[in-house]
Amino acid sequence: MKLHCKYCMRFTMKIRNNYGAVFRNSEGQKPTIHMKKIIFFACVFTCCFLAANAQSEGLTGSPYSMYGLGIINQANVGKYNALGHGGIAMPGNSGINNLNPASYASIFDKSFFFDVGFRAEYNHYSNKINDEDKWSFNFSNLAFAFSLSKKSGIGVTLTPYTNVGYTLLGVTSNIEGSDQEFESTINGSGGLNDVKINYSYLLSDKIRIGVNASYLFGSIKENEFFYIGSSYFDMNETSFYHGVRLGLGFQYDILKNFSVGGTVQLPVSLDGSMDRTVTKTLDGTSVTVEDEEGENISDFKLPTELGVGIYFTPFKGFSVNADYKRNFWSSTSQTDNIGQYEDQDIFSMGVEYMKNARSLEYIDRVQFRGGFTSDNGYLSINHKKVGGYAITAGLGLPLNTNTNSMLNISYSYGQKGQLSNILIKENYHFITLNISLEDLWFIKRKYD
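Numbering of residues starts from 1 in every chain and runs along the sequence as written. Owing to the predicted nature of the model, reporting of local features is limited to residues with pLDDT of at least 70; listing and counting of side-chain atom pairs is limited to 80 or more, with chain, interface and lining totals taken over all residues. As a rule here, side-chain values cover all heavy atoms of the structure and leave hydrogens and water aside.

*Asks:* Sorry, what's going on with the overall build of the protein here?
*Replies:* The secondary structure content of the protein amounts to two helices and 22 strands. Expressed as a percentage of its 448 residues, the buried residues of the protein come to 47%. Across the protein, the fraction of contacts at a sequence separation of at least 24, relative to all contacts at a separation of at least 6, is 63%. For the protein, the exposed area adds up to about 23200 Å²; of that, 59% sits on carbon and sulfur atoms. Per the convention used, a helix needs a DSSP run of H or I reaching at least four residues, while a strand needs a run of E reaching at least two, with both numbered from the N terminus. Relative accessibility decides the category of a residue: with a 1.4 Å probe and only protein chains considered, values under 20% of the type maximum give buried, values over 50% give exposed, and everything between is partly exposed. Only heavy atoms matter for contacts: two residues are in contact if any of them lie within 4.5 Å across the pair. Shrake-Rupley sampling with a 1.4 Å probe provides the accessible areas, and residues are treated as covered by the protein chains on show and by no other component.

Right, here's the structure in full:
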């Protein structure tokens, strides 16, 4: 029995020694930058692997997702969903801020943040004829960030960039060269992913600058089936898009309790290709009418995006953020089947209150949030833009008294479109759940 205990002690000490090597080398020093790079690229690899499977069917139920590349994702990382989806001037010292790459330099030295999010959406659509409801659930983000030094920080985020999910029933079309009509059912799904690397550097105690690079990629599937006489046709089209986009940002702490920030996303043309298959079925026998892979299609252009924001704390425990963004869609000179793209203006505002961050009472450390956002849209149909608004609210529930680990919950109620001409009015309820964790890396362990 004693021999067994001694063996266990030796085995345990061996594990501790190996584990300690993660935190220090054989001379008891902190790990080199090479070890940080290994961990960083391992995390990047994990994100890229998950990105390949991030998009699935049913990400959204909005009929407006049939235009362009789909509905541009509005879910953010961490607490920003409850703050009107804004926060360009907010620092990243208490959680990951993916709205401005400059925020990563404010991450405290040796801090490591990890955030994973999920979303649920309930949509109610109405037009002049009928109403429809739909639920959708999905992953919303995966992100991590940490400080490289006392003056720099880096991070990676994975988010759905666009969401597609629609069903059209009873679409009437004419057979080419005749007056005969047929009805078809059309289903669309998929969307694009955004894997973004952010780097930030502290120029001075008050000025932070940042740069990011996004790899956008994904596919949009459309299936249409219809009958003509006794024949059944099934057409499947999958459009693939990919491209790299660059962005810049800054944050300036004018006063101790007042900051400004700005961002720019540079324009990019996403390369496009398509796979198409058409199958005809007659008397139970299927024949492939058309089968093409890698067909070139028009590139999709993303515009220049400019954003500015302010962040201030009028009194202890209470903060306010406000953003304005303008997306220059008209410069892309693109049109859709039934509309055209026009410049887009987005306003957002949020407030946050916490009674006492150091209190022993749990309720005093809970963060209460609220916000509002207004978007005049970028798609114009019959000279009417498809705009909308949303009211947001949420809570930040602390998970640890010694770190900024938080369970972030948000709720949004919004409206999009209007009942005029061929437009559809969409009301939606949007719920997000983010698990935001903080840990301290590369701290030298001490044993008695």
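Next comes the rest of the description.
*Asks:* Please explain the sheet that holds strand E18 (residues 379–381) as it appears in this structure.
*Replies:* Within a sheet, neighbouring strands are paired by backbone hydrogen bonds and run either parallel or antiparallel to one another. Pairing between strands is defined by DSSP: at least two bridges between them are needed. With respect to topology, three strands assemble into an open sheet ordered E15-E18-E19, the strand pairing being antiparallel. This sheet does not close on itself; its edge strands, each paired only once, are strand E15 (339–341) and strand E19 (384–385). Bridging between E15 and E18 involves three bridges; their strand directions are antiparallel. Looking at E18, one finds that Gly339 is bridged to Ile381.

*Asks:* What is the right way to look at the nonpolar core in this model?
*Replies:* Note that soluble globular proteins tend to have their nonpolar side chains buried in a common cluster. Definition used in this section: a nonpolar core is a set of buried Ala, Val, Leu, Ile, Met, Phe, Trp, Tyr and Cys residues joined via side-chain atoms within 4.5 Å. Of all hydrophobic cores here, the largest spans 22 residues; its most connected members are Leu69, Leu192, Leu270, Phe300 and Leu302. Only strand E5 (162–174), strand E6 (181–202), strand E7 (207–228), strand E10 (268–282), strand E12 (300–302) and E18 provide two or more residues apiece to this core. Apart from the residues lying within four places of it in its own chain, the contact partners of Leu302 are Leu69, Tyr161, Leu216, Arg245, Pro267, Val268, Leu270, Trp329 and Thr332.

*Asks:* Could you clarify how one ought to interpret the pairing of strand E17 (residues 367–375) in this entry?
*Replies:* The side chains of a regular strand alternate, first on one face of the sheet and then on the other. Relative to E17, strand E16 (residues 344–353) is paired through eight bridges, and the arrangement is antiparallel. Bridged to Val351 within E17 is Gly370. As paired strands, E17 and strand E20 (residues 388–398) are joined by nine bridges and run antiparallel to one another. Counterpart to Arg369 in the pairing with E20 is Gly394.

*Asks:* In this structure, what is going on with the pairing of E16? I would like to understand it.
*Replies:* The pairing of strand E14 (residues 318–327) with E16 spans 10 bridges and is classified as antiparallel. Bridge pairing links Arg326 to Asp345 in E16.

*Asks:* Before we go on, may I ask you to explain the packing of aromatic side chains in this structure?
*Replies:* When we look at a pair of aromatic rings, we describe it by the centre distance and by the angle of the planes. The pairing test for Phe, Tyr and Trp rings, Trp by its six-membered ring, is centres within 6.5 Å, and the orientation test on the planes gives stacked under 30 degrees, edge-to-face over 60, and tilted for anything in between. Evaluated as defined, the whole model comprises 13 aromatic pairs. Their ring planes at 10° and their centres at 5.1 Å tell us that Phe315 and Phe318 sit as a pair that is stacked. Relative to Tyr378, the ring of Tyr341 has its centre 5.7 Å away and its plane inclined at 15°; by these criteria the two rings are stacked. Of this pair, Tyr341 sits in strand E15 while Tyr378 sits in the loop between E17 and E18; the two residues are 37 residues apart in sequence, bridging distant segments of the chain. The two residues Tyr341 and Tyr378 agree in class, both being buried.

*Asks:* What exactly am I supposed to notice about the pattern of salt bridges here?
*Replies:* When their charged atoms lie close together, side chains carrying opposite charge are able to pair. We define a salt bridge as a side-chain nitrogen of Lys or Arg found within 4 Å of a carboxyl oxygen belonging to Asp or Glu. Going through the model one piece at a time under the given rule, you end up with 13 salt bridges. For the salt bridge of Arg208 with Asp253, the shortest nitrogen-to-oxygen distance reads 2.9 Å. With Arg208 in strand E7 and Asp253 in strand E8 (residues 231–255), this residue pair connects regions lying 45 residues apart in the sequence. For Arg208, a relative accessible area of 5% corresponds to the buried category. Asp364 is the partner of Lys355 in a salt bridge, and the nearest nitrogen-oxygen pair spans 4.0 Å. Lys355 sits in the exposed class, given a relative accessible area of 56%. Connected through salt bridges with shared partners, the residues Glu237, Arg276, Glu290 and Glu295 form a single ionic network.

*Asks:* How should the side chain of His85 be read in this particular structure?
*Replies:* Residue placement: His85 occurs in the loop between strand E1 (71–72) and strand E2 (111–126). Residue classification places His85 among the buried residues on the basis of a relative accessible area of 14%. Polar contacts, as counted here, are pairs of nitrogen or oxygen atoms within 3.5 Å of one another; within protein the pair requires one atom able to donate a hydrogen and one able to accept it, and residues that are adjacent in sequence qualify only if both atoms are side-chain atoms. Only 3.0 Å separates the side chain of His85 from the backbone oxygen of Gln74, close enough to count as a polar contact. Looking at His85, its side chain comes within polar contact range of the side chain of Asn76, at 3.1 Å. Those residues within four positions of His85 in sequence are excluded, and the remaining contacts are Gln74, Asn76, Tyr80, Leu99, Ser348, Thr373, Thr392 and Ser412.

*Asks:* Is there a simple way to explain the confidence of the model for the protein in this structure?
*Replies:* Low pLDDT means the predicted coordinates in that region are not meant to be read closely. For every residue, the predictor states its confidence as a pLDDT score lying anywhere from 0 to 100. Confidence in the prediction of the protein, expressed as mean pLDDT, is 82, and 80% of residues score 70 or more. Under a pLDDT of 50 for its full length, residues 1–34 has, in the predicted model, 19 contacts with residues more than four places off or in other chains. Note that pLDDT drops below 50 for residues 54–58; the model gives that stretch 14 contacts with residues more than four away or on any other chain.

*Asks:* Help me out: how do you make sense of unusual backbone geometry in this one?
*Replies:* Negative phi values dominate among residues other than glycine, just as trans dominates among peptide bonds. Unusually for a residue other than glycine, Lys110 sits at a positive phi of about 75°. Mapped onto the elements, Lys110 comes out in the loop between E1 and E2. One non-glycine residue, Ser333, lies in positive phi territory at about 55°. Mapping Ser333 onto the fold places it in the loop between E14 and E15. With relative accessibility at 66%, the residue Ser333 sits in the exposed group.

*Asks:* Looking at this structure, I do not really get the environment of Lys425. What am I missing?
*Replies:* Position of Lys425 among the secondary structure elements: in strand E22 (residues 425–440). Along the backbone, Lys425 and Pro63 are 362 residues apart, and their C-alpha atoms lie at a distance of 9.9 Å.

*Asks:* Before we go on, may I ask you to explain the side chain of Asn97 in this structure?
*Replies:* Among the secondary structure elements, Asn97 is positioned in the loop between E1 and E2. Its relative accessible area of 1% is what places Asn97 among the buried residues. Reaching out from Asn97, the side chain makes a polar contact with the backbone oxygen of Met90 at a distance of 2.8 Å. A distance of 3.0 Å separates the side chain of Asn97 from the backbone nitrogen of Leu99, its partner in a polar contact. Setting aside its immediate chain neighbours within four residues, Asn97 contacts Tyr80, Gly87, Met90, Pro91, Ser103, Tyr104 and Gln251.

*Asks:* When you look at a nonpolar patch on the surface in this model, what are you seeing that I'm missing?
*Replies:* Each patch is built from residues that are more than 30% exposed by relative accessible area and take part in no salt bridge. Like charges join if they lie within 9 Å; nonpolar side chains (Val, Leu, Ile, Met, Phe, Trp, Tyr) join within 5 Å. Together, Tyr199, Tyr201, Leu203, Ile207, Ile209, Val211, Leu248, Phe250, Tyr252, Ile254 and Leu255 make up a nonpolar patch on the protein surface, roughly 900 Å² of accessible area in all. Of all the secondary structure elements, the ones that give two or more residues to the nonpolar patch are E6, E7 and E8. A total of five residues in the nonpolar patch trace back to one element, the largest contributor, which is E8. Looking at where Val211 falls in the secondary structure, it is placed in strand E7.

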